[in-house]
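Observations on the three-dimensional arrangement
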Amino acid sequence: MGERISGGYDLNLFVSPPDCALLCSVCHGVLKRPVKLPCGHIFCKKCILTWLARQKTCPCCRKEVKRRLMVQVHKLRKTIGRLQVKCKNSQAGCCVTCPLSQHRIHLDSCPFEFTPCPNAGCMARVQRAALAEHDRSCGHRQQQHCPLGCGATLTAVERENHNCYQELREARGRRRAQGRALDSVLRHRRRRIHRATGLTRRQLIQLETFLEEEEEEGMDVSNINTEAPRAAM
Ligand SMILES: [Zn+2]
Ligand SMILES: [Zn+2]
Ligand SMILES: [Zn+2]
Ligand SMILES: [Zn+2]
Ligand SMILES: [Zn+2]
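Being a predicted model, the structure only gives us computed values, none of them experimental.

1. Structural notes on the environment of Arg68
- With respect to the helices, strands and loops of the structure, Arg68 is situated in the loop between α1 (45–52) and β3 (71–72).
- Using a relative accessible area of 68% as the deciding quantity, one classes Arg68 as exposed.
- It is 9.4 Å that separates the C-alpha atoms of Arg68 and Leu37, two residues lying 31 residues apart in sequence.

2. Regarding α1
- When we look at burial in α1, the residues that qualify are Cys47, Ile48, Trp51 and Leu52. One side of α1 carries all its buried residues, which in axial view fall inside an arc of 120°.
- Among the structural elements, β1 (34–36) and β2 (42–44) are those in contact with the buried residues of α1.

3. Points about a positive patch on the surface
- Residues Lys78, Arg82, Arg189, Arg191, Arg192 and Arg195 make up a contiguous surface patch of positive charge.
- Among the elements that line the positive patch, the one with the most residues is helix α6 (residues 163–196), at four residues.
- Mapped onto the secondary structure, Arg191 falls in helix α6.

4. A word on the environment of Pro34
- If you trace the backbone, Pro34 turns up in strand β1.
- For the pair Pro34 and His74, spaced 40 residues apart in sequence, the C-alpha to C-alpha distance is 7.6 Å.
- Excluding its chain neighbours within four sequence positions, the residues that come into contact with Pro34 are Ile42, Phe43, Val71, Gln72, Val73, Leu76 and Arg77.

Cut-offs applied
- Residues numbered from 1 in each chain as written.
- Chains lettered and ligands numbered in written order.
- Predicted model: local features only at pLDDT ≥ 70, side-chain atom pairs only at ≥ 80, totals over all residues.
- Heavy atoms only, no water.
- Helix = DSSP H or I, 4+ residues; strand = E, 2+ residues; numbered from the N terminus.
- Buried < 20%, exposed > 50% of the residue type's maximum accessible area, 1.4 Å probe, protein only.
- Arc of directions from axis to C-beta.
- Contact = heavy atoms within 4.5 Å.
- Patch = residues over 30% accessible without salt bridge, like charges linked within 9 Å, V, L, I, M, F, W, Y side chains within 5 Å.
- Areas by Shrake-Rupley, 256 points an atom, 1.4 Å probe, with all protein chains shown as cover.
- Salt bridge = Lys/Arg side-chain N within 4 Å of Asp/Glu carboxyl O.
- Lys, Arg positive; Asp, Glu negative; His and termini not counted.
- Charge placed at Lys NZ, Arg CZ, Asp CG, Glu CD.

Remember, this is a structural readout, not a statement about activity or role.
Here you go:
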């Protein structure tokens with residue numbers, strides 16, 4: 001069959017063995033960005049695209065495949081995103097497990113993840129937990145004043161763990177998270193309204209606001225008309 005295609009998620013990543021309905025029959029991993037062919041068979045997007053580059057038939061049932069009739073299976077992708085996975089650094093000692101969809105976010109703070117030294121010009125990649133130690137002997141350490149003006153001189157690494165900065169950053173992160181939450185609520189509502197409204201419905205709303213505006217304007221006018229004589233009395 002030539003080269004092996006590995007588009008899916010490694011089975012060893014999962015806390016418990018995933019249901020076989022969630023596996024890709026091309027790569028034998030868990031479906032990553034699942035797409036469905038018209039025949040109903042589902043594969044990782046990367047797997048099926050690689051496959052179809054060579055032959056135009058479904059790898060399972062050999063039916064002919066038209067690429068434009070392929071659809072993404074969002075629901076399945078969400079289901080798979082909820083499966084518990086071990087951190088990819090579990091061999092190195094990280095004990096964290098989380099839903100697959102959160103794995104990337106975890107890696108941003110995983111102490112076992114290798115991360116580039118933030119000192120300008122340094123090409124070293126160091127485990128996050130060892131960054132402070134590396135910094136002490138880094139050939140590119142360069143101290144600068146804390147940009148927030150607290151008076152501390154810090155290397156790029158130290159700046160990342162510097163409290164005065166971190167507090168601000170956390171506050172900004174919280175604000176951003178709140179903004180995102182609100183945003184998703186609004187988006188959800190907008191989508192719901194969008195679905196529920198046909199053209200006629202939209203026209204009705206337009207008509208309603210038009211009438212309301214007119215009513216308001218009318219009220220303003222009548223207020224002036226009725227208040228004026230009363231005030232004069
Ligand atoms: Zn696959
Ligand atoms: Zn098929
Ligand atoms: Zn980890
Ligand atoms: Zn360095
Ligand atoms: Zn500071």
